[in-house]
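What follows is the residue order along each chain.
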Amino acid sequence: MVDIATRVWTHKWKIDPIVRSLIDTDFYKLLMCQSVFRNRPDTQVQFSLINRTTKVPLADLIDEGELREQLDHVRSLSLSRGESTWLRGNTFYGKRQMFRPDFMEWFENLRLPAYHLERVGDQYELTFEGTWPEVMLWEIPALSILMELRGRALLHSMKKFEIQVLYARAMTKLWEKIEVLQKVDNLRIADFGTRRRHSHLWQDWAVQAMCEGLSEKFVGTSNCLIAKRHDLEAIGTNAHELPMVYAALAEDDAELAQAPYQVLADWHEEHDGNLRIILPDTYGTAGFLANAPDWLAGWTGIRIDSGDPAGAAEIAIKWWKDRGEDPSQKLVIFSDGLDVEKIAELQAQFHDRVRVSFGWGTLLTNDFRGLTPGDQLAPFSLVCKAVAANGRPTVKLSDNPNKAMGPADQVERYKRVFGVGVQERSEVLV
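Per chain, residues are indexed from 1 in the order of the written sequence. Reporting of local features is limited, given that this is a predicted model, to residues whose pLDDT is at least 70; pairs of side-chain atoms are given and counted only at 80 or more, and all residues count toward the totals for whole chains, interfaces and linings. Excluding hydrogens and water, the side-chain figures rest on all heavy atoms present in the structure.

*Asks:* Tell me what's going on with the overall build of the protein, and back it up with residues and numbers.
*Replies:* Scanning the protein from terminus to terminus reveals 18 helices and 13 strands. Summarising its shape, the C-alpha atoms of the protein cover approximately 60 × 50 × 45 Å along the three principal directions. Taking all 430 residues of the protein together, the buried fraction comes to 57%. Within the protein, residue pairs in contact and separated by at least 24 positions form 79% of the contacts whose partners lie at least 6 positions apart. For every accessible area listed, the method is Shrake-Rupley and the probe measures 1.4 Å; residues are considered covered only by the protein chains on display. Per element, the accessible surface of the protein, about 17500 Å² overall, is 47% carbon and sulfur. Just so you know, the count uses Lys and Arg for positive and Asp and Glu for negative, and it drops His and the chain ends. Charge placement uses NZ in Lys and CZ in Arg. For Asp and Glu, CG and CD serve respectively. Counting 51 positive and 61 negative side-chain charges, the protein places the centres of these two groups 2 Å from one another. Numbering of helices and strands runs from the N terminus, with a helix taken as a DSSP run of H or I at least four residues long and a strand as a DSSP run of E at least two residues long. Partly exposed describes any residue whose relative accessible area lies between the buried limit of under 20% and the exposed limit of over 50%, with all areas from a 1.4 Å probe on protein chains only and scaled to the type maximum. Contact criterion: two residues are considered in contact whenever any of their non-hydrogen atoms come within 4.5 Å of each other.

*Asks:* Lay out the side chain of Arg150 in plain terms, naming residues and giving numbers.
*Replies:* If you trace the backbone, Arg150 turns up in helix α8 (residues 139-155). Salt bridge, as used here, is a side-chain nitrogen of Lys or Arg placed within 4 Å of a carboxyl oxygen of Asp or Glu. For the buried Arg150, no salt bridge is present, and the opposite-charge side chain at shortest range is Asp375, 7.8 Å distant. The contact partners of Arg150, leaving out residues within four places of it in the chain, are Val56, Leu58, Leu61, Ile62, Gln376, Leu377, Ala378 and Phe380.

*Asks:* Can you explain the pairing of strand β7 (residues 218-221)? Please cite residues and give values.
*Replies:* Following DSSP output, two strands are said to pair if at least two bridges run between them. Two strands pair when backbone bridges link them, and strand β6 (residues 189-191) and β7 are joined in this way by 3 bridges, in the parallel orientation. Looking at the pairing, Asp191 lines up with Thr221 of β7. Place the viewer so that the strands point away; then a crossover is right-handed whenever the path from the first strand over the helix to the second strand goes clockwise. Remark: the β6/helix α10 (residues 200-214)/β7 crossover connection has right-handed handedness.

*Asks:* Lay out the environment of Val420 with the relevant residues and their values.
*Replies:* Along the polypeptide, Val420 turns up in the segment after α18 (408-418). Residues Val420 and Leu256, 164 residues apart in the sequence, show an inter-C-alpha distance of 14 Å. The contacts of Val420, once residues within four sequence positions are left out, are Tyr283, Leu397 and Lys415.

*Asks:* Which residues make up the nonpolar core, and what are the values?
*Replies:* Core analysis: the biggest nonpolar cluster contains 143 residues, and Leu87, Phe99, Phe107, Tyr167, Ile189, Phe334 and Trp360 have the highest contact counts within it. Considering each element in turn, this core owes the most residues, 9 residues, to α8. Beyond its immediate chain neighbours, meaning those up to four positions away, Leu87 contacts Ile23, Leu30, Leu79, Phe92, Phe99, Met104 and Phe107. In this description, a nonpolar core means a group of buried Ala, Val, Leu, Ile, Met, Phe, Trp, Tyr and Cys residues linked to one another through side-chain atoms lying within 4.5 Å.

*Asks:* Account for the environment of Ala59, with residues named and values stated.
*Replies:* Within the secondary structure, Ala59 is located in helix α3 (residues 58-61). Between the C-alpha atoms of Ala59 and Val120, which are 61 residues apart in sequence, the distance is 8.1 Å. Apart from residues no more than four positions distant in its own chain, Ala59 is found in contact with Arg119, Gly121, Asp122, Gln123 and Tyr124.

*Asks:* Please set out the packing of helix α13 (residues 253-270) against α18 residue by residue, giving values where relevant.
*Replies:* What describes two packed helices is the angle between their axes and the distance between those same axes. In this analysis an axis means a line fitted to C-alpha atoms, helices contributing only their contacting stretch, and an angle means the value between N-to-C directions, from 0 to 180 degrees. Where α13 meets α18, the closest approach of the two axes is 10 Å, and the angle between their N-to-C directions is 75°. It follows that α13 is roughly perpendicular to α18 by the angle criterion. Mapping the contact onto sequence places Asp253, Leu256, Ala257 and Pro260 in α13 and Arg413, Tyr414, Arg416, Val417 and Phe418 in α18. Angles below 35 degrees are treated as roughly parallel, those above 145 as roughly antiparallel, those between 65 and 115 as roughly perpendicular, and all remaining angles as oblique.

What follows is the structure, given as structure tokens:
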């Protein structure tokens, strides 16, 4: 096992590119990329970095030259022969050859497109433009780079024993969380922490700790490179990006109202089983389910990613019952801002009513809260989102209005079209 503290001290990180492979990304990005490649390959999109935690001055902390160096390195990457073989021949979600030959041929020849980087005050403006299948693959590497460079900048001033003690404390903190989860009966939990991880080495260590500490309760990781390295299940389905872009492409309000369901109709043509998971909160969970076509009730489950998780699960359970489905056979995946106390609470509340699973993200792979003076290494909320499609702005409403994004006039239009009323705000921590 890598001695992370020694690696940090001895090499000052230069030996470690932050992103070392095009599959050092989340599995759902590749699944969605294939769907986009098949259904909307010529759509022109713009992705942009958004720092929701403005008190973290990224441009003051991160050297622009180092940032460009890391971004340029990602542009030099291509699939290795072993990575291509793994994607082409491995079994994912019980299905061999999940990725089609035409998509794999395209992916094997891919180099990520150019980026635009500019300092604006104490933040960076980082944008990517081009065809949707290419640009969307920048999201996870961009976030990983910014998160890790911020950590490296703070660690650079620390002395050798400070770094050793820091990582010893962080490891102890994570292991104590694992000990809490060991006592949770019938737990199913996966690592969802790539996008806002402390570092690649730390995520890899955290996954190995979960494997050893939780055994069969730990069902896999969203990170494809780590899944390949440790022979784990690659976990992931779909994300808000798909309905956001489909909605932006809608020609009128009627087409806008149907856009989220068109996303899932396209997905339905490609995937079955546990990949048929609904993510309903892009424009409000209650409205999405109330207007959903009946065939969606037959899908395997739902992922809850904003707002009150218990409340959203109750809405889903009622929806299944109203449509003649047995909720006990349905899968509910909780994935928003989780830590062990909330995981244990939700498991106890719903384990005998639905099949429960958890995607544990930032507070698995980047919980350095309370471990440094001034809490400088605490995680913060950084996203990289599609902000335009074919020249039209994208909108996200969410079940938590603090996560909403888009021009004000379009946000109001989407609220009207999707029937979103007054929403309860909650703090966005990660």
